[in-house]
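So the chains spell out like this:
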Amino acid sequence: MKKIIMLLTAVTLMFTLAACGSNAGKPSDGVVSDSPVQTVEPDNETGQSNQTETQNPDQEETPDDIESKENGSKALVVYFSATGNTKAVAETIAELQGADIYEIVPEQPYTDEDLNYNDRSTRATAEQNNPDARPAISGGIEDIAEYDVIYVGYPIWWGDMPRILYTFFDNYDLTGKTIAPFCTSGGSGLSGTPKTIGSLEPEADILDGLHVSDSAAGNAEDKVSEWLGSIGQAE
Ligand SMILES: Cc1cc2nc3c(=O)[nH]c(=O)nc-3n(C[C@H](O)[C@H](O)[C@H](O)COP(=O)(O)O)c2cc1C
């Protein structure tokens, strides 16, 4: 009888120990951690990055953060275009540079008749013949201070920038900015306009300008890319 009791005791003890062993390694309180901790695996080549980083999901990078990290500056494309050629080039630059874009819109839009340069008494030609003409701009740029590089585009009118560009440079102090001029025209080149811009914005850094002929304005991506590279602004 004594032997049977000892045998039963031994069997009970074995079952008890086996039950305890099967719980080993399980969380004691059943809580699953949801901590936003990301472990950075070591770089196999250098073995250096063996650390644990904590990321706060409320502090994700914005597109602006990423952009300024990538090229260290923020760009704006400003343009005036009466018949769409300069607009096409402006959009190409903005797309390639990931830049914001602002159109100089005249308070009084130019009609076809205003632009008829065969009649020298019409508005555009009369304005170009008057150095003091400053056609008014509708609206404005909210915060020009946030931009480092400003691309400024315009058609050539009678060998110069349209007078509304003079209004633009009167309205904004571009001290310390980098200005990259571009233009479209029938045949004339930049016609000295970068120099004129330099005289209107003496504290800005004026880069070499781009000229695109009006017939090529809608297909100027290669020319624009080449120019951006040549002025050190390629992405
Ligand atoms: C009033 C006026 C004057 C112009 N003067 C010139 C000029 O001196 N040289 C030139 O090559 N093209 C001249 N053009 C042609 C424009 O520069 C050209 O068509 C330009 O691409 C128009 O740009 P937009 O479509 O952005 O307005 C003139 C056009 C106008 C309306």
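Residues numbered from 1 in each chain as written. Predicted model: local features only at pLDDT ≥ 70, side-chain atom pairs only at ≥ 80, totals over all residues. Heavy atoms only, no water.

Draft legend 1. Highlighting the site of the ligand. What surrounds the ligand is a group of 20 residues, the closest being Ser 81, Thr 83, Thr 86, Ile 156 and Gly 187. At 2.7 Å, a backbone N or O of Gly 187 approaches an oxygen atom of the ligand. Within the complex, the protein chains bury 88% of what would otherwise be the 650 Å² of accessible surface of the ligand. For the ligand, the cavity whose grid points lie within 2 Å of the majority of its atoms is the largest pocket. For the shell around the ligand, the secondary-structure elements that each account for two or more residues are helix H3 (85–97) and strand S8 (178–185). (Near = heavy atom within 4 Å. Polar contact = N/O pair within 3.5 Å; in protein donor to acceptor, adjacent residues only side chain to side chain. Areas by Shrake-Rupley, 256 points an atom, 1.4 Å probe, with all protein chains shown as cover. 1 Å grid on protein atoms, 1.4 Å probe; cavity = no way out; pocket = protein on both sides within 12 Å on 5 of 7 lines; lining within 4 Å. Sits in = over half its atoms within 2 Å of the grid points. Helix = DSSP H or I, 4+ residues; strand = E, 2+ residues; numbered from the N terminus.)

Draft legend 2. Fine view of a negative patch on the surface. Together, Glu 95, Glu 221, Asp 222 and Glu 226 give the surface a local cluster of negative charge. Tracing the backbone shows Glu 95 in helix H3. Taking relative accessible area as the criterion, Glu 95 reaches 71% and is therefore assigned exposed. (Patch = residues over 30% accessible without salt bridge, like charges linked within 9 Å, V, L, I, M, F, W, Y side chains within 5 Å. Salt bridge = Lys/Arg side-chain N within 4 Å of Asp/Glu carboxyl O. Lys, Arg positive; Asp, Glu negative; His and termini not counted. Charge placed at Lys NZ, Arg CZ, Asp CG, Glu CD. Buried < 20%, exposed > 50% of the residue type's maximum accessible area, 1.4 Å probe, protein only.)

Draft legend 3. Spotlight on the pattern of salt bridges. Counted according to the given criterion, the structure contains 6 salt bridges. The residue Asp 114 makes a salt bridge to Arg 123 at a minimum N-O spacing of 3.4 Å. Among the residues examined, Asp 114 registers a relative accessible area of 13% and is labelled buried. Where Arg 123 meets Glu 127, a salt bridge forms, and the shortest distance between an N and an O atom there is 2.9 Å. Of the two residues, Arg 123 and Glu 127 are both situated in helix H4 (residues 123–128); the distance of 4 residues between them amounts to about one turn of the helix. For Arg 123, a relative accessible area of 15% gives the class buried.

Draft legend 4. Representation of the confidence of the model for the protein within the structure. Averaged over all residues, the pLDDT of the protein is 79; the fraction at 70 or higher stands at 69%. Long-range and interchain partners of residues 4–59, a stretch whose pLDDT sits below 50, account for 21 contacts in this model, where long-range means more than four residues apart. In the model, residues 65–69 has pLDDT below 50 throughout and makes 8 contacts with residues more than four positions away in sequence or in other chains. (pLDDT = per-residue confidence, 0-100. Contact = heavy atoms within 4.5 Å.)

Draft legend 5. Spatial organisation of the packing of aromatic side chains. Under the criterion given, the structure shown has 7 aromatic pairs. Each ring, one from Tyr 151 and one from Trp 227, has its centre 6.0 Å from the other, and the planes form 70 degrees; the classification is edge-to-face. Linking Tyr 151 in strand S7 (residues 149–155) with Trp 227 in helix H7 (residues 221–230), this pair joins segments that are 76 residues apart in sequence. Between the aromatic rings of Phe 168 and Tyr 172, the centroid separation amounts to 5.0 Å while the plane-to-plane angle is 40 degrees, which identifies the pairing as tilted. (Phe/Tyr/Trp six-rings, centres within 6.5 Å; stacked < 30°, edge-to-face > 60°.)

Draft legend 6. View of H7. All of the buried residues along H7 are Val 224, Trp 227 and Leu 228. For H7, the angular spread of the buried residues around the axis is 100 degrees, confining them to a single face. Across from the buried face of H7, at angles greater than 90 degrees, the exposed residues are Asp 222, Glu 226 and Ser 230. Packing partners of the buried residues in H7 comprise H3, S7, S8 and strand S10 (210–213). Looking one or two residues past H7, Gly 232 carries a phi angle of roughly 70 degrees, positive in sign. (Arc of directions from axis to C-beta.)

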